[in-house]
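Working through the structure, step by step
Here are the chains, one letter per residue:
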Amino acid sequence: MSMTFDAWLTIAVTAIIFISLILNWAQADVLFLAAAAFLVTVGVIRPEEAMAGFSNPALVTVAALFVVAAGLRETGILDLAGRMVLGSVKTERKALGRLSFVVVPLSAFLNNTPIVAMFMPIVLQWSRRNQVSPSKLLMPLSFLTILGGTCTLIGTSTNLVTQGLLIESDMKPLGFFELSWVGVPYSIVGVIYLLTIGRRLLPERKDLLEQLGDSRREYLAELEVRVGCRLIGQSVEAAGLRHLPGLFLIEIQRNDVIIAAVEPTTVLQAGDRLTFTGIVASIVELEQISGLVPASDSFYDVTPLGQRKRQLCEAVISNSSPLIGKSIREADFRAAYGAAVVAVHRSGSRVTTKVGDIELQVGDTLLLQVRPTFMRTHRNDPAFVLITDVPEWRPINTDRAWIAAILFLILLGLMTTEWLPIAIAGMLIATAMIFCGCLSAAAARQSVEWQVLITIGASFALGAALQNSGAAKAIAEGFVGLLGSLGPIGAIAGIYLLGSIITEVITNNAVVVLLFPICVETGKLYGIDPRGLLIALTFAASASFMTPIGYQTNMMVFGPGGYRFTDYLRVGGPLNLILMPIAVSLIYWVWM
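All of these numbers come straight from a predicted model, not from anything done at the bench.

This part covers unusual backbone geometry. With a phi angle near 60°, asparagine 255 is a residue other than glycine that sits in the positive phi range. Within the secondary structure layout, asparagine 255 lies in the loop between strand S2 (247–254) and strand S3 (257–259). Of note, the phi angle at aspartate 332 is positive, near 50°, even though the residue is not glycine. The topology assignment puts aspartate 332 in the loop between helix H15 (328–331) and helix H16 (333–337).

Here it is in structure tokens:
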């Protein structure tokens, strides 16, 4: 089949995007938006086709699930899940093994996107605690969901698209576990690869550790273990107080006894006063533990409702401050400012006295928990030369945790039973999270990764251009025709290889729709049941390992993992080469 000018032009645009991403000339969302606008201008696609991706249910689903995951995070559900899955793990290899054990089975029955949205913040938090670059875990997280999605009929939308096309063509539909004949061994091999060869090929972005942490400014914090705190009865080691980065537990005061050399086996009790020195991010994480409160403020509100009405900020003492020379206890921040002093930093020297006894000096930085109006009211207060918020801090709405858990279970039920379209179910639960107080509307908006959504939405335009111009079909027919001369197993290999390449450029669902008729015709040509070819196509369309744009979960981890375009090719390329012969041979054995 000869190609038209539009087809050649579309291929040229696709090549430019690939080269630009490989060389980091521009951000992915900018490139795809520019490509969409250009293809409309030259008449390859219509304006409505260029914009169709932004109204696609998949895009709406991704946006809604970002909000749902944020609701789980804000209520402490994700923190609990993280402690259960990764809490006791200390090495990157063991963490990857734990993720494999949990994520692959989940992905076999649930949509991949919410699983990545749910586990991504858990992985980031674990990485910061254990000083492991998140680039070592986030790409495998995406790949694990892809592998798990191949095991059952509902594991991914690609499988359901194939099912719909089979029914439309009056062919025998897939059984619920029919794909498991290939999907289970396929996934096992993929997991082994990620735990061995792939783990060594993953990049280690050391600079991400600094982004996950904070400046090295050290604070002194004194926190009291109140009755009801989850740390009571746990050892210092089990409570995780020895593994937060940039944090050191100096001593424990128990009644009138000072435990200066704190052992990992020391068991925490109610009323213990813990003195820490550490960076802001670690102090913030301590402050978010329910029942662990600033010891200098006896009126500290520990209720979830009270916490939601507070925020953290940093305030620097000015040279004309009336607070100079006063101890924090004498300054009575609660009465004067409606604030509680969480920690103190003094540049150039380590503060060794009790927080409440510290005499304030010019330039001291205070970490304060304040009312939302504090910054507006005191921004020009002569007591402080600078007041800034702490963006990492959010109150944990623990009293809404049970609501968030129920809403999430309802979402899983709606997705698995298909009582509602997945996009509608996602929107319903996302808005319910907001109305039920699991997170605020502002936090919901901030949780959405807009760059990811723009890239996904704009990429549909390129897929439409490849289909409309005939470029994809011309390449497909020539490619399959070449390998099809090797017989049925060659045809299976050709379909799989072609599908796994094209799926890196256009959506996996579009690959199935595009190559479905070619599979049917190839089956007729060789006098074989096309079912095996269609199953090969289904697996190939999900084999989106070599580029970040091949699958939406790859795009979700692209930015947070600090990946480059070539990282996916280096790790995903060998994975594709290993999985292809396994899939082809098993498909030939089971269906031919």
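In this section: the pattern of salt bridges. Tallied over the entire structure, the rule returns nine salt bridges. The partner of glutamate 49 in a salt bridge is arginine 46, with the nearest N and O atoms 3.7 Å apart. Under the relative-accessibility criterion, glutamate 49 is labelled buried at 15%. On the basis of relative accessibility, which here comes to 46%, the residue arginine 46 falls in the partly exposed class. Between glutamate 222 and arginine 273 there is a salt bridge, with its nearest N and O atoms 3.8 Å apart. With glutamate 222 in strand S1 (residues 219–225) and arginine 273 in strand S4 (residues 273–278), the pair connects residues that are 51 residues apart, well separated along the chain. A residue is classified by how much of its surface remains accessible, and arginine 273, at 27% relative accessible area, is partly exposed.

Between helix H6 (residues 92–109) and helix H8 (residues 138–148), the least distance of the axes is 7 Å, while the angle of their chain directions is 35°. By crossing handedness, the relation of H6 to H8 is classed as right-handed. Here Leu96, Leu99, Ser100, Val103, Val104, Ser107 and Ala108 of H6 come into contact with H8, specifically with Pro140, Leu141, Leu144, Thr145 and Gly148. Counted by class, the contact of H6 with H8 contains eight nonpolar, four polar and no charged residues.

Moving on: a nonpolar patch on the surface. A cluster of nonpolar residues, Trp419, Leu420, Ile424, Met427 and Leu428, forms a patch on the protein surface that exposes about 520 Å² of accessible area. Along the chain, the position of leucine 420 falls in the loop between helix H18 (401–417) and helix H19 (422–435). Judged by relative accessible area, leucine 420 falls into the partly exposed class, the value being 32%.

Turning to the pairing of strand S6 (residues 311–317), a few remarks are in order. In terms of residue burial, S6 counts as a mostly covered element, since six of its seven residues are buried. With six bridges connecting them, S6 and strand S8 (residues 365–370) associate as antiparallel partners. The residue of S8 that forms the bridge with alanine 315 is leucine 366. By the bridge criterion, five bridges tie S6 to strand S9 (residues 384–389) in an arrangement that is antiparallel. Within the sheet, the bridge partner assigned to isoleucine 317 lies in S9 and is phenylalanine 384.

Our next topic: the environment of valine 557. Checked against the element boundaries, valine 557 lands in helix H26 (residues 552–558). When the C-alpha positions of valine 557 and leucine 141 are compared, they lie 8.5 Å apart, and in sequence the two are 416 residues distant. If near-sequence neighbours (up to four positions away) are discounted, valine 557 is found in contact with Val116, Met120, Leu138, Met139, Ser142, Tyr563 and Tyr568.

Quick notes on the rules
- Residues numbered from 1 in each chain as written.
- Predicted model: local features only at pLDDT ≥ 70, side-chain atom pairs only at ≥ 80, totals over all residues.
- Heavy atoms only, no water.
- Helix = DSSP H or I, 4+ residues; strand = E, 2+ residues; numbered from the N terminus.
- Salt bridge = Lys/Arg side-chain N within 4 Å of Asp/Glu carboxyl O.
- Buried < 20%, exposed > 50% of the residue type's maximum accessible area, 1.4 Å probe, protein only.
- Axes fitted to C-alpha atoms, helices over the stretch in contact; angles between N-to-C directions.
- Left-handed = near helix turned anticlockwise from the far one by under 90°.
- Contact = heavy atoms within 4.5 Å.
- Nonpolar A, V, L, I, M, F, W, Y, C, P; charged D, E, K, R; others polar.
- Patch = residues over 30% accessible without salt bridge, like charges linked within 9 Å, V, L, I, M, F, W, Y side chains within 5 Å.
- Areas by Shrake-Rupley, 256 points an atom, 1.4 Å probe, with all protein chains shown as cover.
- Pairing = 2+ DSSP bridges.

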